[in-house]
Amino acid sequence: MTRLLITAGPTHEPIDAVRYLGNRSSGRLGVKLADEASRRGWDVTLLLGPTPMACESTQVATHRFRTTADLQGLLSEHAPQCDVLVMAAAVADYRPIPPADVEDVERVKIRRTPGRMTLDLEATPDLLAEAASKRRPGQLFVGFALEPAATLLDSGKAKLVRKGLDLLVANPLDTMDAAGIHAWLLAPAGVIDETPGSISKAAFASWLLDHIAAKRSDNAQAGREAASTDR
Ligand code: CTP
């Protein structure tokens, strides 16, 4: 049985007790993927960010995260056991640096004062690249990238190589709030497929899982051939 680990939804990075930096990801796509994979009999674990979404399937093991640091901890616990990682979470690229004199930002509330205020931010770690660098043979890692349409394929390819992935789903920026999804699936050798225009997120889930299953069986076949030539 394929053990699939999916991450989905936004991260919230606390600024103080009541505020955070977040993004508009709903997590809907990752939840659809988890439900469809579970329907196919895959063993699914979903790491889900702060969103009202939830899986319909009761078979999906769901763990909630809020911050990038929470997700980093959950990934280091769950990624070693999976066969396939699909990283659909919209992970923050930057998070607030707590002021030096504050021990726990979530116990204080920043007061309003006249004039400007500046937030200091630090880059978050690249969780997918970090997980991919520890990947064992046989594991398949899939990333997502939201890119401007004009540079979609070039930027997607560069991201796939930089993060050390097997597959990358590239979407144009206007996918963000759209009901449907138009996607290109990239591998290190180039474009594998493109969805037939904009398709529903449920149809996309099936399309992507079919490609993942095909890639896993290609990899298994290549492994068997390599083993037989070694003999
Ligand atoms: N990702 C991650 N950790 C981060 C940022 C992104 O694991 N700190 C993952 C996302 O879950 C996604 C992939 O990396 O699967 C691409 O995310 P994206 O935001 O498009 O890429 P970035 O690395 O942020 O690159 P850029 O800002 O140049 O677009």
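Residues numbered from 1 in each chain as written. Predicted model: local features only at pLDDT ≥ 70, side-chain atom pairs only at ≥ 80, totals over all residues. Heavy atoms only, no water.

Draft legend 1. Broad picture of the overall build of the protein. What the protein contains, in helices and strands, is five helices and 14 strands. Relative to the globule expectation of 17 Å for 231 residues, the C-alpha radius of gyration of the protein, 19 Å, shows essentially globular dimensions. Within the protein, buried positions represent 43% of all 231 residues. Considering only intrachain contacts with a sequence separation of at least 6, the fraction spanning at least 24 residues in the protein is 64%. Total accessible area on the protein stands at roughly 12500 Å², and carbon and sulfur atoms take up 51% of it. A distance of 2 Å separates the average location of the 27 positive side-chain charges in the protein from that of its 29 negative side-chain charges. (Helix = DSSP H or I, 4+ residues; strand = E, 2+ residues; numbered from the N terminus. Rg over C-alpha atoms; globule rule 2.2 N^0.38 Å. Buried < 20%, exposed > 50% of the residue type's maximum accessible area, 1.4 Å probe, protein only. Contact = heavy atoms within 4.5 Å. Areas by Shrake-Rupley, 256 points an atom, 1.4 Å probe, with all protein chains shown as cover. Lys, Arg positive; Asp, Glu negative; His and termini not counted. Charge placed at Lys NZ, Arg CZ, Asp CG, Glu CD.)

Draft legend 2. A look at the pattern of salt bridges. Under the defined criterion, the tally for this structure stands at 10 salt bridges. Salt bridges here are not isolated pairs; linked through shared partners, they connect Glu36, Arg39, Arg40 and Asp210. (Salt bridge = Lys/Arg side-chain N within 4 Å of Asp/Glu carboxyl O.)

Draft legend 3. Representation of helix H1 (residues 28-39) in the model. Spanning 12 residues, H1 covers 16 Å between terminal C-alpha atoms, matching the ideal 16 Å at 1.5 Å per step. With respect to burial, H1 is a largely interior element, nine of its 12 residues being buried. The inward-facing, buried residues of H1 contact strand S1 (3-8), strand S4 (43-48), strand S6 (84-87), strand S9 (140-147), strand S11 (180-181) and helix H5 (201-230). The first or second residue beyond H1 is Gly41, which carries a positive phi of 90°. (Expected span 1.5 Å × (residues − 1).)

Draft legend 4. Looking closely at the side chain of Thr7. One can find Thr7 in strand S1. Here Thr7 falls in the buried class, since its relative accessible area comes to 0%. Not counting chain neighbours up to four residues away, the residues in contact with Thr7 comprise Leu47, Leu71, Leu75, Leu85, Val86, Met87, Ala88 and Ala89.

Draft legend 5. Representation of the site of the ligand. Not every one of the 16 residues close to the ligand is listed here, only the nearest: Met87, Ala89, Leu128, Lys159 and Lys163. One nitrogen or oxygen atom from the main chain of Leu127 is found 3.1 Å from a nitrogen atom belonging to the ligand. A distance of 2.8 Å separates an oxygen atom of the ligand from a polar backbone atom of Leu128. Surface burial for the ligand is 76%, taken as the share of its 570 Å² of free accessible area covered by protein chains. Counting only elements with at least two residues in the shell around the ligand, the list comes to helix H3 (127-133), S9 and helix H4 (152-163). In terms of residue class, the shell around the ligand is built from nine nonpolar, two polar and five charged. (Near = heavy atom within 4 Å. Polar contact = N/O pair within 3.5 Å; in protein donor to acceptor, adjacent residues only side chain to side chain. Nonpolar A, V, L, I, M, F, W, Y, C, P; charged D, E, K, R; others polar.)

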